[in-house]
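Coordinates in review
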Amino acid sequence: MSAYKDKDPRIHGIKARIRVVPDFPKPGIMFQDITTLLLDPSAFKDTIDLFVERYKGRNISVVAGVEARGFIFGPPIALAIGAKFVPLRKPGKLPGQVISEKYVLEYGSDCLQMHVGAVEPDDRALVVDDLVATGGTLCAAINLLERVGAQVVECTCVIELPDLKGRERLNGKPLYVLVESH
């Protein structure tokens, strides 16, 4: 499901503020740069508002933000819906005991970590990132949360690259996006 397909009038302004950078971080990648969206307070607010409207009242107890751009969108969503925010970080960034999940990106591989005890069994979780491409990062986030007993309610991203079929790798977990980029 996506706001893009629902034709919400705010989507055009959001999509217009996302810059595409060719050949970054390596040749052949068309990088979807949300930093230009953040420069427009109205479009940034619309982005957060669309997510909050969707998740308010859905009994979500934890918003898990994927490093690094999930840290931009996740905290304001968590605050607005009354949930805690849990950062899912790259290795070596969290002090204390962590659990880890390795995954494959469209241009390499990586690992996500989460503090042990940050998410409890039966927490209802929302996973937030800026973009879904091949789905590897979101799958790793889902796996981390489910390993500690959380129920992943949905994943949400600003942008989807549907040609890379990341949605299909989410094992049936719902994915909500605001814009698609082909």
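Bear in mind that the values here come from a model prediction, so they are computed numbers and not experimental data.

Rules used in this analysis
Residues numbered from 1 in each chain as written. Predicted model: local features only at pLDDT ≥ 70, side-chain atom pairs only at ≥ 80, totals over all residues. Heavy atoms only, no water. Helix = DSSP H or I, 4+ residues; strand = E, 2+ residues; numbered from the N terminus. Rg over C-alpha atoms; globule rule 2.2 N^0.38 Å. Contact = heavy atoms within 4.5 Å. Areas by Shrake-Rupley, 256 points an atom, 1.4 Å probe, with all protein chains shown as cover. Pairing = 2+ DSSP bridges. Axes fitted to C-alpha atoms, helices over the stretch in contact; angles between N-to-C directions. Buried < 20%, exposed > 50% of the residue type's maximum accessible area, 1.4 Å probe, protein only. Expected span 1.5 Å × (residues − 1). Arc of directions from axis to C-beta. Phe/Tyr/Trp six-rings, centres within 6.5 Å; stacked < 30°, edge-to-face > 60°. Core = buried A, V, L, I, M, F, W, Y, C linked by side-chain atoms within 4.5 Å. Polar contact = N/O pair within 3.5 Å; in protein donor to acceptor, adjacent residues only side chain to side chain.

The subject of this paragraph is the overall build of the chain. If you tally the helices and strands in the chain, you get six helices and nine strands. Relative to the globule expectation of 16 Å for 182 residues, the C-alpha radius of gyration of the chain, 15 Å, shows essentially globular dimensions. Projecting the C-alpha coordinates of the chain onto the three principal axes gives extents of approximately 40 × 40 × 30 Å. The long-range fraction of contacts in the chain, counting pairs at least 24 apart against all pairs at least 6 apart in sequence, stands at 60%. Accessible surface computed for the chain: about 8600 Å², of which carbon and sulfur atoms make up 54%.

This part is about the sheet that holds strand β9 (residues 175–180). Neighbouring strands of a sheet are bound in pairs by backbone hydrogen bonds; such pairs are parallel or else antiparallel. Spatial ordering of the open sheet is given by β4-β3-β7-β8-β9, a layout of five strands whose pairing is parallel. The sheet is open, and its two borders are formed by β4 (84–88) and β9, each paired with just one other strand. Shown here is a sheet whose adjacent strand axes are inclined to one another by a mean of 20°, direction ignored. Pairing geometry for strand β3 (residues 62–66) and strand β7 (residues 124–132), over four bridges, is parallel. Opposite Ala 64, over in β7, you have Val 127 as the bridge partner. In the packing of helix α4 (residues 41–55) onto the sheet, contacts are made with β7, β8 (151–160) and β9, and the angle to β8 comes to roughly 155°.

Before going further, it helps to examine the environment of Glu 168. Within the secondary structure, Glu 168 sits in the loop between β8 and β9. Judged by its relative accessible area of 61%, Glu 168 is exposed. When the C-alpha positions of Glu 168 and Gly 70 are compared, they lie 21 Å apart, and in sequence the two are 98 residues distant.

This brings us to helix α5 (residues 70–81). Across its twelve residues, α5 extends 16 Å between first and last C-alpha, which sits within 8% of the 16 Å expected from 1.5 Å per residue. All of the buried residues along α5 are Gly 70, Phe 73, Gly 74, Ile 77, Ala 78 and Ile 81. Taken down its axis, α5 places every buried residue within 125° of arc, on the same side. Looking at the buried residues of α5, the elements they touch are α3 (35–38), α4, β3, β4, β7 and β8. Positive phi shows up at Gly 82, right after α5, with a value of about 75°.

So, about the packing of aromatic side chains. Under the definition given, this model contains five aromatic pairs. Ring centres of Phe 24 and Phe 31 lie 5.1 Å apart, and the angle between their planes is 85°; this geometry places the pair in the edge-to-face category. Assessed through its relative accessible area of 44%, Phe 24 is described here as partly exposed. The class for Phe 31 is buried, based on a relative accessible area of 17%. For the pair Phe 44 and Phe 73, a centre-to-centre distance of 6.0 Å together with 80° between the ring planes defines the contact as edge-to-face. On the criterion of sequence distance, the pair formed by Phe 44 in helix α4 and Phe 73 in helix α5 is long-range, its members being 29 residues apart.

Residues Ile 14 and Val 63 are the most contacted members of the largest nonpolar core, which totals 29 residues. Non-local contacts of Val 63, meaning those with residues more than four positions away in its chain, are made with Gly 74, Ile 77, Ala 78, Ile 81, Ala 83, Lys 84, Phe 85, Val 86, Leu 126 and Val 128. Of all hydrophobic cores here, the second largest spans 27 residues; its members include Val 66, Val 86, Ala 150 and Leu 175.

Locating Asp 33 in the fold gives a position in strand β2 (residues 30–33). Separated by 2.4 Å, the side chains of Asp 33 and Arg 19 make a polar contact. Excluding residues within four positions of it along the chain, Asp 33 makes contact with Arg 17, Ile 18, Arg 19 and Val 21.

One turn of the α-helix equals 3.6 residues, which is why residues spaced by three or four share an orientation. The terminal C-alpha atoms of α4, which comprises 15 residues, lie 21 Å apart, in line with the 21 Å expected from a rise of 1.5 Å per residue. Within α4, burial applies to Ala 43, Asp 46, Thr 47, Ile 48, Leu 50, Phe 51, Val 52 and Tyr 55. Check the buried side of α4 and you find it contacts α2 (10–16), α3, α5, β7, β8 and β9. The backbone nitrogen of Ser 42 has a side-chain oxygen 3.0 Å away, supplied by the residue at the start of α4, namely Asp 40.

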